[in-house]
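# Coordinates in review
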Amino acid sequence: MSTYVKENLERGFIRKSTSPAGVGFFFVEKKDGSLWPCINYRGLNQSTVKNKLPLPLISELFVRIRGAKIFTKVDLHKAYNLIRICQDQTTHQKHVHQVLLQLRGNNLYDKLENCVFEGKSLPFLGCIVSDHGLPVVLNPYSKCPGSFTAPMGTADVFEVKEILDFKKVGGRTFLSGGLEGVLNLKRGTGNQRRTLILPLSSEDSFFSRDLRRVGLRTCKTSLKITMFFNLIFFALFSKNLWKPILTCDTYEHAVAQLSGDYIIGGIFPIHEGVSNILTRRYTQDFKCSGLQLRSLIQVLSMIHAIENINNSTLLPGITLGYEIYDSCSYGLKATQATLKMISKSVVMNRSANCNHTELIPNIKAVVGEEFSEFSIIISRILSLHLIPQISHASSTVTLLDRLRFPSFFRTIPNDKHQTEAMVTLIRRYGWNWIGVIATDDDYGSSASSSLYFLFKQYGICTAFTKTIPAHVDHPDLDHTLNDITNELINSSTNVVIVFVKSPILSKLLERMIRLNISKTWIASDIWANSKEISTIHNIQKIGTIIGLNFKSGLVPGFSQYLENLKPPLNGATNEFLQEYKELRFGCTQEYREYLKCMNSSSINCVHDQSILLKSPLACHDNVTNIYLENDDFLVQNIELSTVYSTTLAVTAIAQAIRNIVCKQDTCDKDNTFIPKMLLEEIQRGNYTYNNNTFYFTSSGEVLSGYDIIYWDTADSTVKFQLIGLYDIHGRNLTLEDNAIFWNTENNKVPFSNCSKTCVPGTYKKHSDITCCYACVSCAEGYYAPTSDLAQCLKCLDNQWSSNGSHQCNNRTKEYFHWNNPFAITLMTFSAIGLLLVSVIGIIFVKYIDTPAVKAAGGSYTYILNISVLVSLAGTALFIGEPVQIICQIRQPLFGISFTVIVSCILIKSLRIILAFESGSRGQKVMSFAFKPLFIIIFLTSIQLVICLIWLFLMSPSVSIIHKIPQLLILQCDEGSYLVFGIMLGYIGLLAFICFLLAYRGRKLPEKYNEARCITFSMLVYMFVWILFIPIYMNNTSSTYLSAVQIIAILASNYGVIGCHLLPVCYIILFKHERNNREWYLQSIQSFFKVRRATFFPSQRNSKFQAQSFQCSGSENDHCTQTWSKNERIFSIKARRRRHKSC
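Residues numbered from 1 in each chain as written. Predicted model: local features only at pLDDT ≥ 70, side-chain atom pairs only at ≥ 80, totals over all residues. Heavy atoms only, no water.

### Quick look at the overall build of the chain
Which entries qualify depends on this criterion: Labels follow the DSSP assignment, with helices taken as runs of H or I lasting at least four residues and strands as runs of E lasting at least two, numbered in each case from the N terminus. Using a 1.4 Å probe on the protein chains alone, a residue whose accessible area is under 20% of its type maximum counts as buried, one over 50% counts as exposed, and one in between counts as partly exposed. In this description, contact between two residues means that some pair of their heavy atoms is separated by no more than 4.5 Å. Exposure was quantified through the Shrake-Rupley algorithm and a 1.4 Å probe, taking into account, for residues, occlusion by the shown protein chains and nothing else.
From N to C terminus, the chain includes 32 helices and 41 strands. A total of 1142 residues make up the chain; the buried ones form 48% of that total. Relative to all contacts within the chain whose residues are 6 or more apart in sequence, the contacts with residues 24 or more apart total 71%. By element, 55% of the accessible surface of the chain is carried by carbon and sulfur atoms, the whole surface being about 57300 Å².

What follows is the structure, encoded as structure tokens:
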């Protein structure tokens, strides 16, 4: 199984399913040992609506192989196909070769042991097809019902009651042919195999099927055999396959006919049903009841069109006749009528050795049927003989199949276009929750299927889909109507689409009126302008009705024709016209009693539907002949669309006949053309009526478009108002919205959605049903500007929105503004520092030659002051809106300037140590290696290289941070925090070296010793920047990030100012007595006393004790005279080194 699934997945034969449903899959072993994949669809079949879509009958497949002489069977490994092959053997071989090439190209391989090439007979669908005809062979003991096991004439026979399941071969088809002998049915014995074989060859016998009493009979031999429990359908074929079908029924006849050179047939549902369906015996005829004015007018329009053609010059010297049958809105009756027409043609054109190409039926074409279900039945039979059928109202999509219905045409578009127009109308008003009611016939099924496909495509859902029996006398009709009524009461939808015939729909709408249920109804073409529906009492209470009907046109003179109906002349007959006259003008006892009740002023006069059809002239004394009376009643009930399409059908047939039999205005009425010629002419011809041109498309239809009809009930009577058009070619709907009065409060368009409209600021969260959803507020940063959005839209990066917003607001740009109080405070400190350093610099310039300035660094203090000024001024770059150039300059500017500052401090610390702690050898090293300017440039260059690498490789840039919804935080992105850390780390390294040097020189002379100041300033720097790093990294999205660095820069610079510059200024300005050479020399002498005492402790103990007594009370200058010579020399050299270093 894994191998099977893998191989078919790779070939694309199957695909993975996303459906939550699952069915069993297993293998069954075949006779040859190979495996047969099977799927258990029993559970799915139980929930499947049966007969929802039309399926091809087996008998139709037999039609496609008629006339075949050579047969080839191909058994595929992994796919199955039935191949239609031409008659010629050479062509047959070429076709087989092409088929095999196609199979090989698609990786489909044959099972050679099961293939048959160029045989004379083949098993096909349970039968054996051969060049001698198609016998029926059945083996009830085979695994598959309808299969065969023995060739014709060699099987045993079996009893009839064991073949009850054999329904697939004959289906619902009426066939006839000859019997070679009689039908033998005997009982088999034991386990003997029993097979029923029906050989056919005789011309004199035929079978017919009786649907009420189970059995078979022959008309000439009167053979009757009773069957048990169920019907048995047999497909009986003659040796030439599908010979004309005959019927033994003597009751069926045309309800209207007129002789002529060429006869046009017609089948119309003149009556609304058959009253004896369940009680009819085989020998009884169908009893039709309920005259339908709609269909009666259609028949009259056909007769009117034929009479106008006969009275015109269209067919000079030729008269058209008609033969019209009543289907009584019942499929079997329509079938019976069709068989009657064809059987009459066969009798009139009977030939001993006739075939289909030679058959010339008396009826050249057929107009009808109105209902799609019956047109399908009729077309199946007429297509056998290629007799053209043109329907004026059958719109089902099923009839588009030219292989199954090659002779079918219609003067209207198919239901696919109607459903597209309905969906366009629904989308125009924003509805997505629709109810659908349709009949269970082909018309309703195909329309519902087309709607479902379009609904799925455009996101429209069905609140419910209900099917209703197509026959008014169906026993389950009342139960179905109750079910639909309950659904309409409980459903939340306000729009319902209805594909139901008028007689049945009237029963449903009457219930709606009684229950006061108001909806918006979308009517299909079958009742869009139905007079039967529009005359229902209180019809305005059911709500708004908008219908779609086929585009109509004027039929000149037809209204006058209906107002002047006379009994037919010239040998014509018209039974339904007679019935109408009696119904309209006849004086019945029931009507007399009703008039008597009305004249007595009684309010309880009971009447049935027939009373409503009575004319005021009925039972009038002046009426002598009811068959000569007329009024405008039929004119008031005209449905122009069907009248117009019926007239077009007759016109097309007549003009096609003209194209065949007439040449140069001369017509040959003896031209006995075959049906195929007329069929081909109808297909390719262009026709005109009232100066309008029409033609049949390749699918056999006229794409005329649709009228949008509004039922105006303003004055309690229905007026059919044309409010729009639907163009099929452009798929455009033109509609006058103001002409519609909605049966709602304030005349608003009714709401028909599964869920309420989601207001702006919310979006739809769908449930299991795509049209049903909950409204959810949009999250922060998203918005919904309009209603019913499937998802919220994301705001732009520079915009924001709160929860449930319908629009986005511009974000406020946030950065460290100049007007920020904190920024003002920091800039104040920076300005103070700048001013202070500037003043210090002036003081240093003025007192550059003083010992205090020289001790502080001399001329290098200028570099120190300038660097501090640059560092303090650079803090201004951290305030204000960041721009690219500022982001690139500010960090390198601080890093380089502060590197110079620390380098100057390092030089000063290094110089003092070298001056006071180095010996003669250190003096030589200092004089050779100690180059202050070079050291400053070298140390600064390293920082400069780091900054250049930073700028070229990972340059800082402006960063926009969106973390806070309302704000756009503008910051400088440092590009690389690693390089930024290296820059700060390098300054920290220099500061740490200064700290070590300061610690080492902590015991130098007080006036030269700045260890405490250097130590303190460097500790301040390191402490500040060690704290800066975590604060900086944890506040990268804060507007005060720049303020943190400004504080660190100010603290570092103020540490330098306070520890290195201000003490010197203090000495210069306030300690003048210390700012002289002698005071610094005295400091040096004191230092060396301590140092000498450290180096010569024995001398200090002996000589200093002696001299202390002698020098007691004397000045220090006199005490120096007691020093030894070596001590004086050492002191002098030390002073010289100090002065030189200064």
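### A closer look at the confidence of the model for the chain
Worth spelling out the cut-off: Note on scores: pLDDT gives the predictor's confidence for each residue, bounded by 0 and 100.
Averaged over every residue, the pLDDT of the chain is 76; the share at 70 or more is 74%. Contacts for the low-pLDDT stretch residues 1094-1131, under 50 throughout, to residues beyond four places or in other chains number 15 contacts.

### Some details on helix α5 (residues 293-310)
Test applied: Between the first and last residue of a helix there are one fewer steps than residues, each counted as 1.5 Å, and that sum is the expected span.
Along its 18 residues, α5 runs 26 Å from first to last C-alpha, staying within 8% of the 26 Å computed at 1.5 Å per residue. With 15 of 18 residues buried, α5 lies mostly within the body of the structure.

### Quick notes on the nonpolar core
As a reminder of what qualifies: For this analysis, a nonpolar core means a set of buried residues of the types Ala, Val, Leu, Ile, Met, Phe, Trp, Tyr and Cys, connected via side-chain atoms within 4.5 Å.
Counting 83 residues, the largest nonpolar core has Phe455, Ile497, Leu509, Trp521, Ile522 and Trp527 as its most contacted members. At six residues, helix α11 (residues 502-514) tops the list of elements feeding residues into this core. For Trp521, the contacting residues outside a window of four places in its chain are Leu488, Val496, Val498, Leu509, Met512, Trp527, Ile542, Thr544, Ile545 and Ile546. Counting residues in hydrophobic clusters, the runner-up holds 64 residues, among them Ile270, Ile306, Leu648 and Leu678.

### Concerning the pairing of strand β16 (residues 320-326)
Operational definition: In short, DSSP must find at least two bridges between two strands for them to pair.
Counting buried positions along β16 yields seven of seven residues, so the element is predominantly enclosed. A two-sided burial pattern is seen for β16, the buried positions comprising Leu320, Tyr322, Ile324 and Asp326 on one face and Gly321, Glu323 and Tyr325 on the other. As defined by bridge partners, strand β12 (residues 256-258) adjoins β16 across three bridges and the pair is classed as antiparallel. Each residue of the ladder has a partner; that of Gln257, found in β16, is Glu323. Inspection of the sheet shows strand β13 (residues 262-268) paired to β16 by seven bridges, in the parallel sense. The residue bridging Ile263 from the neighbouring strand is Gly321, located in β16.

### Quick word on the environment of Lys931
Its place among the elements puts Lys931 in the loop between α24 (920-929) and α25 (932-953). For the pair Lys931 and Arg911, spaced 20 residues apart in the sequence, the C-alpha separation amounts to 9.8 Å.

### Notes on the pattern of salt bridges
Put simply, the test is: The rule for a salt bridge is simple: a side-chain nitrogen of Lys or Arg has to be within 4 Å of a carboxyl oxygen of Asp or Glu.
Under the criterion given, the structure shown has twelve salt bridges. Arg428 is the partner of Asp737 in a salt bridge, and the nearest nitrogen-oxygen pair spans 3.0 Å. Here the residue Asp737 occupies a position in the loop between β32 (732-735) and β33 (762-766), and Arg428 occupies one in helix α8 (residues 415-428), the gap between them amounting to 309 residues. Classification of Arg428 by relative accessible area gives partly exposed; the value is 37%. Note that Lys466 is salt-bridged to Asp483, the shortest N-O span being 3.0 Å.

### Here we look at the environment of Ile376
Tracing the backbone shows Ile376 in helix α7 (residues 372-382). Look at Ile376 and you get buried, because its relative accessible area is 2%. With 66 residues separating them along the chain, Ile376 and Asp442 place their C-alpha atoms 8.3 Å apart. When near neighbours in sequence (up to four residues on either side) are disregarded, Ile376 contacts Thr396, Thr398, Leu399, Phe405 and Asp442.

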